Amino acid sequence: MPSEVDVQTNELFVAMDIEDNPSSLLESESDNSSPQDRAVWSRKIEYLLSLFGFSVGLSNIWRFPYLCMRNGGGAFLVPFFVILFFCGVPLYFLEVSLGQFSGKSPVVVWAISPLFTGLGWLMMIISLVVSWYYNTVIAWVIYYFVHSFFPNIPWATCNNWWNTEKCIVSLKDRSSWNNSLPLMNQSLLATVISQNESLYSSNFSYVSQNLTYNTAAYEFWEYNVLRRSDGIEHPGSVQWHLLLVLFASWVLTFVCLLKGVHSVGKVVYVTVTFPYILLTIIFIRGLTLDGAIDGIIFYVKPDFSKVLNFQVWVEAGMQVFYSLGPAWGGLITMSSFNKFNNKCMKDALCVTLVDGLTSFCAGFVVFSILGFMAHDVHVTMEEISKLATGPGLVFIAYPEALTKLPMPHLWGVLFFLMLITVGVDTQFVMFETVASGLADIFPKKLKSRKVQTAAILCVVLFLLGIPFTTNGGIFIFQLVDWYASTFCIMFGSFLECIVIAWVFGAERFSRDVELMIGRHVPLPMRISWCIVTPLFMLVLFLISVIMYAPPNSSSYTYPDFAIGIGQVFAILPLIPIPVMMIWQLLRSKGPFIKRIKTLASPDSSWGPNSKRHWQTYKMYEYKGGLMNRIKVNLLGDN
């Protein structure tokens, strides 16, 4: 039975005659408050492929297999998939829902809580910085791809201008290089391999009886591709071969993003599906090689005792979130081009599952080849597995292994073409996040000039990337890569959950999602938004801070000024959060507490990206707010 207050309230609504003129509720709002025309995906499959391409990146190929092998083999899948489904899926669904409901890029979507506008800038800066240096990896791959067509594969011989007298064609030849050394004299053989996480200085040098030798693949990487100096303090000169392939990588990016989301939607048909075809082909070929089964067994053999190790869960969590890509802004950007009623919950489940399975399956491809390599050069899997991560795998171990297969040119072309397609998929999404963000910040100037915006952005990032092509460029690259997302990804994901689940309200956001997809968000998903995911992200963030260490290796220590520059990159994405918070508070009016309450609530531009739902949504919000004000007037502020 309605209370007296409700009766009086309803009478007031009738007296105001709101139902006769609902459009009056929106007359005071600016033109950009209502949903604007925004490009949409031509087909849903294009959207799904873009998410696959963004989430499935190079780390799935060169990092996950190593982590799985190091942390209990098949047993590592237990913490990985537990974290994937209980934390990764809810956070992934939160971001795609946020982008699809609002139809906004990350930098403006935080109209949901303007006090935290800086969180959008954090996402945009992360994508900008990573786009800046990520194309360097693609440039290296293009360089290898081109050389795969040479009549004589350059990393398969020692008679090139860059080779030294210490060069051997492969590890198998190490005994013939010095006839006095028996092939299996393992007691005299010491492998010198840099053990830092990024392994950009992976060393295939071997020391035996004071004699050092290098594989041809190692010397090609070191003395032809990188031509590295002694350190970051010795930048050297620009290497024109790297400058040329870096330019080619940015031309490729521009051409594929020429028409924004419509271009990406067509390109991903090739760039996403092709790597899966090539991985399957390479895996089938790998299974036919001697030693492949030993490599696979070494990869998946479970050691369930490690499941109880806290560090294993931490590494599984790190891999899940770095692979899925929350807080980068890419998920929100790609989802913002969706149709309003797209069933995005199924999309989130599908993409996260595919990402996890791709990581696991990539390990079979990697370790089947490494098993063959270990068998061929007569070393143990424990020894060869040290090469199973980072660029040391992609640019040294795998190229050497491919030269031992029949038709090595074909396998080299297919392998590096696969890496190019995997790399550009991730680059597309990060670049589009930046370009769409700029267009949303300056809609009148840039919305209709997408081609010019993309061209200028590509040119600027290419020019800023020139330092990576110098002799000391690899040290700059490793420094930026080490620090760029060390802290901000975890903290950004944590803050994102807090804003949506606690400031805006998980139940309130769930109603918005229900308006969009026609079903309520499951209770476990909301619990994860509120408690499980933010708590886990906070733990990962604190562990990252506690375990912080500079990217030094056994062969090189970064100088203090370089560490300082790296720390600037680490905190750079975080700076906009307090800055924008202070700026928003200063430009607001009223008592300080009222300013915080006002800025923590959605502004007038927040609402569904659907003209059909917009007026109903605003009417509902207006009535809800008016109801509260009327009750306060009737009962007092108690």
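Above this note sits the structure.
We now turn to the structure provided with this report. Note that the structure is predicted; figures quoted are calculated from it, not measured. (Residues numbered from 1 in each chain as written. Predicted model: local features only at pLDDT ≥ 70, side-chain atom pairs only at ≥ 80, totals over all residues. Heavy atoms only, no water.)

Here's the deal with the overall build of the chain
- When its secondary structure is counted, the chain shows 27 helices and 4 strands.
- Out of the 638 residues belonging to the chain, those deemed buried represent 59%.
- Within the chain, counting contacts between residues at least 6 apart in sequence, those at least 24 apart form 83% of the total.
- As displayed, the chain offers around 26400 Å² of accessible surface, 66% of which is attributable to carbon and sulfur atoms. (Helix = DSSP H or I, 4+ residues; strand = E, 2+ residues; numbered from the N terminus. Buried < 20%, exposed > 50% of the residue type's maximum accessible area, 1.4 Å probe, protein only. Contact = heavy atoms within 4.5 Å. Areas by Shrake-Rupley, 256 points an atom, 1.4 Å probe, with all protein chains shown as cover.)

Observations regarding the pattern of salt bridges
- Under the criterion given, the structure shown has 7 salt bridges.
- Two residues, E46 and R43, come together in a salt bridge whose shortest N-O distance is 3.8 Å.
- One salt bridge in this structure joins E507 and R526, with 2.7 Å as the shortest N-O distance. Taken as a pair, E507 in helix α22 (residues 488-517) and R526 in helix α23 (residues 523-546) lie far apart in primary sequence, 19 residues in all.
- On the basis of relative accessibility, which here comes to 15%, the residue R526 falls in the buried class.
- Residues participating in the shared-partner salt-bridge network are R43, E46 and K266. (Salt bridge = Lys/Arg side-chain N within 4 Å of Asp/Glu carboxyl O.)

Focus on the packing of aromatic side chains
- Taken as a whole, this structure holds 51 aromatic pairs when the rule is applied.
- The interplanar angle of 50 degrees and the centroid separation of 6.2 Å between the aromatic rings of W41 and Y47 together place this pair among those described as tilted. Here the two residues W41 and Y47 agree in accessibility, since each one is buried.
- A cation sits over an aromatic face here: R228 above F475, 5.5 Å from the ring centre. (Phe/Tyr/Trp six-rings, centres within 6.5 Å; stacked < 30°, edge-to-face > 60°. Lys NZ or Arg CZ within 6 Å of the ring centre and 35° of its normal.)

Brief notes about the packing of helix α5 (residues 77-102) against α22
- Two elements in contact, α5 and α22, have axes whose closest approach is 10 Å; the angle formed by their N-to-C orientations is 60 degrees. As judged from the angle between their axes, α5 and α22 are oblique. With respect to the hand of their crossing, α5 and α22 are arranged in left-handed fashion. Residues L91, F93, L94, E95, S97, L98, Q100 and F101 of α5 touch α22, and the partners they reach there are S493, E496, C497, I500, F509, D512, V513, L515, M516 and I517.
- Of the residues that constitute the contact of α5 with α22, the class distribution is 12 nonpolar, 3 polar and 3 charged. (Axes fitted to C-alpha atoms, helices over the stretch in contact; angles between N-to-C directions. Parallel < 35°, antiparallel > 145°, perpendicular 65-115°, else oblique. Left-handed = near helix turned anticlockwise from the far one by under 90°. Nonpolar A, V, L, I, M, F, W, Y, C, P; charged D, E, K, R; others polar.)

Considerations on the nonpolar core
- Core analysis: the largest hydrophobic core is formed by 193 residues, its most contacted members being F93 and W140.
- For F93, the contacting residues outside a window of four places in its chain are C344, M345, A348, V513, I517, V521, M525 and W529. (Core = buried A, V, L, I, M, F, W, Y, C linked by side-chain atoms within 4.5 Å.)

Describing the environment of V40
- You can see V40 is positioned in the loop between α1 (4-16) and α2 (44-55).
- C-alpha of V40 to C-alpha of S336: the two residues are 296 residues apart in sequence and 8.1 Å apart in space.
- Ignoring sequence-local partners within four residues, the contact set of V40 consists of H262, F337 and N338.

Side note on helix α17 (residues 391-402)
- Between its first and last C-alpha, α17 extends 16 Å over 12 residues, near the 16 Å set by a 1.5 Å rise per residue.
- Within α17, the full set of buried residues consists of P391, G392, L393, V394, F395, I396, A397, Y398, P399, E400, A401 and L402. (Expected span 1.5 Å × (residues − 1).)

Comments concerning the environment of I281
- Turning to its location among the elements, I281 is positioned in helix α11 (residues 273-287).
- Overall, the relative accessible area of 36% leaves I281 in the partly exposed class.
- Sequence spacing of I281 and V365 is 84 residues, and the spatial spacing of their C-alpha atoms is 9.4 Å.

Considering unusual backbone geometry
- For R227, which is not a glycine, the phi torsion comes out positive at approximately 50 degrees.
- Tracing the chain through its elements places R227 in the loop between α8 (216-226) and α9 (240-256).
- Positioned with a positive phi, A327 is a non-glycine residue whose angle comes to about 70 degrees.
- Among the secondary structure elements, A327 is positioned in the loop between α13 (310-324) and α14 (330-335).

Some thoughts on the side chain of S229
- Position of S229 relative to the elements: it lies in the loop between α8 and α9.
- Polar contacts involving the side chain of S229 include one to the main-chain carbonyl oxygen of G231, which spans 3.0 Å.
- Those residues in contact with S229, other than ones at most four positions away along the chain, are H234, N471, G472 and F475. (Polar contact = N/O pair within 3.5 Å; in protein donor to acceptor, adjacent residues only side chain to side chain.)

Topic: helix α18 (residues 408-441)
- Helix length check: α18, at 34 residues, gives a terminal C-alpha distance of 49 Å against a target of 50 Å (1.5 Å per residue), a fit within 8%.
- Across the 34 residues of α18, 28 count as buried, placing the element largely inside the fold.

Considering the side chain of T421
- Within the secondary structure, T421 is located in helix α18.
- In terms of polar contacts, T421 uses its side chain to reach the backbone carbonyl oxygen of M418, at 2.7 Å.

Considering the packing of helix α6 (residues 118-147) against helix α25 (residues 576-587)
- α25 packs onto α6 with a crossing angle of 145 degrees between their chain directions and a minimal axis gap of 7 Å. You can see that α6 and α25 cross each other, and the crossing is right-handed. Residues G118, L119, W121, L122 and I125 of α6 touch α25, and the partners they reach there are P576, I577 and M580.
- For the contact of α6 with α25, the per-class residue count stands at 7 nonpolar, 1 polar and no charged.

Details of the environment of F150
- Here F150 is to be found in the loop between α6 and β1 (167-168).
- When its relative accessible area of 38% is taken as the criterion, F150 is described as partly exposed.
- Taking the C-alpha atoms as reference, F150 lies 8.1 Å from H409; in sequence the two are 259 residues apart.

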